[in-house]
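# Tertiary structure, described
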Amino acid sequence: MVKGLLCVALLLFTATAHAQAWPAKDWSQGAPLTGPALNALEDYAFPARNDLTRQGIRTDALLVIRDGEVIYERYAAPTTASTPHLTWSISKSLLATVLGVAYGEGRFKLSDPVARFYPPMKQHPSITLAHLLNWTSGLDWQEDYEYAPLKSSVVAMLYTRGRADMAQFAADTHTFAAAGQAFRYSSGDSNLASAALKGMLGHRAYVDYPWTALFTPLGIRSATWESDANETFVASSYAYMTARDLARIGLLMARDGRWGERQLLPQAWVDFNRQPLAQYTADQDEAVPGGHWWLNRQVQGAARPWPDAPDDTFAALGHWGQALYVLPQARLVIVRYGDDRDGSYRHNELLKRVLAAVQP
């Protein structure tokens with residue numbers, strides 16, 4: 001009996017130790033995926049690609065981490081394991097993670113008015129940091145790219161009238177609703193949050209802060225983050241990182257803000273990131289918004305956005321198919337970089353096929 005109990009204890013200890021593997025300079029390798037389900041995953045993610053038409057699913061990178069170890073990795077030229085890939089709007093969730101460190105340092109409260117840290121927002125005194133991070137600022141923002149470029153707030157901010165000072169451009173936007181009353185996805189909100197972070201820290205500390213606060217502690221070495229002419233990080237769009245480095249952000253979030261022995265993000269911050277927005281109406285967007293992350297939750301009786309994935313799945317998502325999926329229950333982190341131009345890629349289909357491939 002004692003021998004049996006010792007065996008059980010040893011098995012539990014081994015499972016716990018395995019589950020808490022952490023990457024050092026590089027990731028450890030786990031048992032690689034094999035079998036027909038893997039073939040089905042690759043058939044979906046990596047079909048023959050036509051670089052002239054740019055039609056169909058065009059995966060640049062697919063990386064699957066289980067229990068802190070790499071179990072699948074594949075790239076499509078010209079992307080390689082050492083390529084810092086443009087993340088597009090995954091940058092928004094990266095900003096939220098950097099802000100989480102600042103939150104843990106006591107630099108702000110979610111209820112603080114943005115104008116406290118960024119004076120141009122005095123024209124919108126009721127907008128708080130929480131409103132920006134929930135995309136409920138009430139600013140009348142049009143987040144269209146290809147479909148309505150002449151009316152697009154984000155195109156004007158990134159490429160024309162607003163590109164020199166993107167936060168100022170967003171601050172000068174009129175409102176369509178009172179702050180906190182309605183969801184509207186906005187790259188302007190993200191760049192205002194970036195400017196607020198600069199106001200909290202001061203310019204000298206701000207230019208290094210994503211690295212000192214987050215990237216260096218996680219061992220991320222490939223990160224580049226573009227800024228506008230006012231030296232504010234373009235938090236909406238322009239962070240670059242290898243797939244393996246982005247997966248470190250996913251593992252941090254999968255483990256509730258903890259990295260090794262250090263609680264890098266407060267649990268309360270991670271809870272805010274994963275809290276569904278009460279003001280969100282079903283099917284307003286491709287997933288349910290949390291605190292600058294996207295959630296796989298049911299809203300108002302509608303189906304989950306990714307019905308074949310666990311309901312605790314959440315993600316950072318970007319233009320043209322960029323995705324960082326975090327599946328805590330399944331102990332998975334998945335990075336998918338892409339160059340999709342026609343909208344044929346489906347998050348749920350990839351998640352379903354990954355989950356089938358990792359089944360024992």
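Quick notes on the rules
- Residues numbered from 1 in each chain as written.
- Predicted model: local features only at pLDDT ≥ 70, side-chain atom pairs only at ≥ 80, totals over all residues.
- Heavy atoms only, no water.
- Phe/Tyr/Trp six-rings, centres within 6.5 Å; stacked < 30°, edge-to-face > 60°.
- Lys NZ or Arg CZ within 6 Å of the ring centre and 35° of its normal.
- Helix = DSSP H or I, 4+ residues; strand = E, 2+ residues; numbered from the N terminus.
- Buried < 20%, exposed > 50% of the residue type's maximum accessible area, 1.4 Å probe, protein only.
- 1 Å grid on protein atoms, 1.4 Å probe; cavity = no way out; pocket = protein on both sides within 12 Å on 5 of 7 lines; lining within 4 Å.
- Points joined across faces, edges and corners; volume = space filled by probe spheres on them.
- Nonpolar A, V, L, I, M, F, W, Y, C, P; charged D, E, K, R; others polar.
- Axes fitted to C-alpha atoms, helices over the stretch in contact; angles between N-to-C directions.
- Parallel < 35°, antiparallel > 145°, perpendicular 65-115°, else oblique.
- Contact = heavy atoms within 4.5 Å.

The next subject is the packing of aromatic side chains. A full pass over the atoms with the stated rule returns 22 aromatic pairs. Three or more aromatic residues joined by ring pairs form one cluster here, namely Trp135, Phe183, Tyr185, Tyr280 and Trp294. Of note, arginine 336 hangs over the ring of tyrosine 345, and the distance from its end group to the ring centre comes to 3.8 Å. Sitting above the plane of the tryptophan 320 ring, arginine 341 keeps its charged end 3.5 Å from the centroid.

In this structure, the amide linkage connecting alanine 77 to the following residue, proline 78, adopts the cis form with an omega of 10°. Along the polypeptide, proline 78 turns up in the loop between strand 3 (69-75) and strand 4 (85-86). A positive phi angle, near 55°, is found at aspartate 67, a position not held by glycine. Position of aspartate 67 among the secondary structure elements: in the loop between strand 2 (59-66) and strand 3. Aspartate 67 sits in the buried class, given a relative accessible area of 8%. Look at glutamine 300: it is not a glycine, yet its phi comes out positive at around 50°. Along the chain, glutamine 300 falls in the loop between strand 10 (294-295) and strand 11 (314-318).

A few words now on the layout of surface pockets. Its boundaries defined by the atoms lining it, the largest pocket holds a volume of some 900 Å³. Lining the largest pocket are 29 residues, with Asp285, Glu286, Gly318, His319 and Trp320 positioned closest to its centre. Of all the secondary structure elements, the ones that give two or more residues to the lining of the largest pocket are strand 11 and helix 12 (347-358). Looking at the lining of the largest pocket, its residues break down into nine nonpolar, 10 polar and 10 charged. By volume, the second largest pocket is sized at about 160 Å³. Surrounding the second largest pocket, Lys25, Asp26, Trp27, Glu73, Ala81, Arg221, Ser222, Thr242, Arg244, Asp245 and Arg248 form its lining. When residues of the lining of the second largest pocket are assigned to their parent elements, the largest contribution, three residues, is made by helix 10 (residues 243-254).

Here we take up the packing of helix 3 (residues 90-104) against helix 9 (residues 209-218). For the pair helix 3 and helix 9, the least separation of the axes is 10 Å and the interaxial angle reads 90°. In terms of axis orientation, helix 3 runs roughly perpendicular to helix 9. Between helix 3 and helix 9, the contacting residues are Leu94, Thr97, Val98, Val101 and Ala102 on the first element and Tyr209, Pro210, Ala213 and Leu214 on the second. For the contact of helix 3 with helix 9, the class distribution of residues is eight nonpolar, one polar and no charged.

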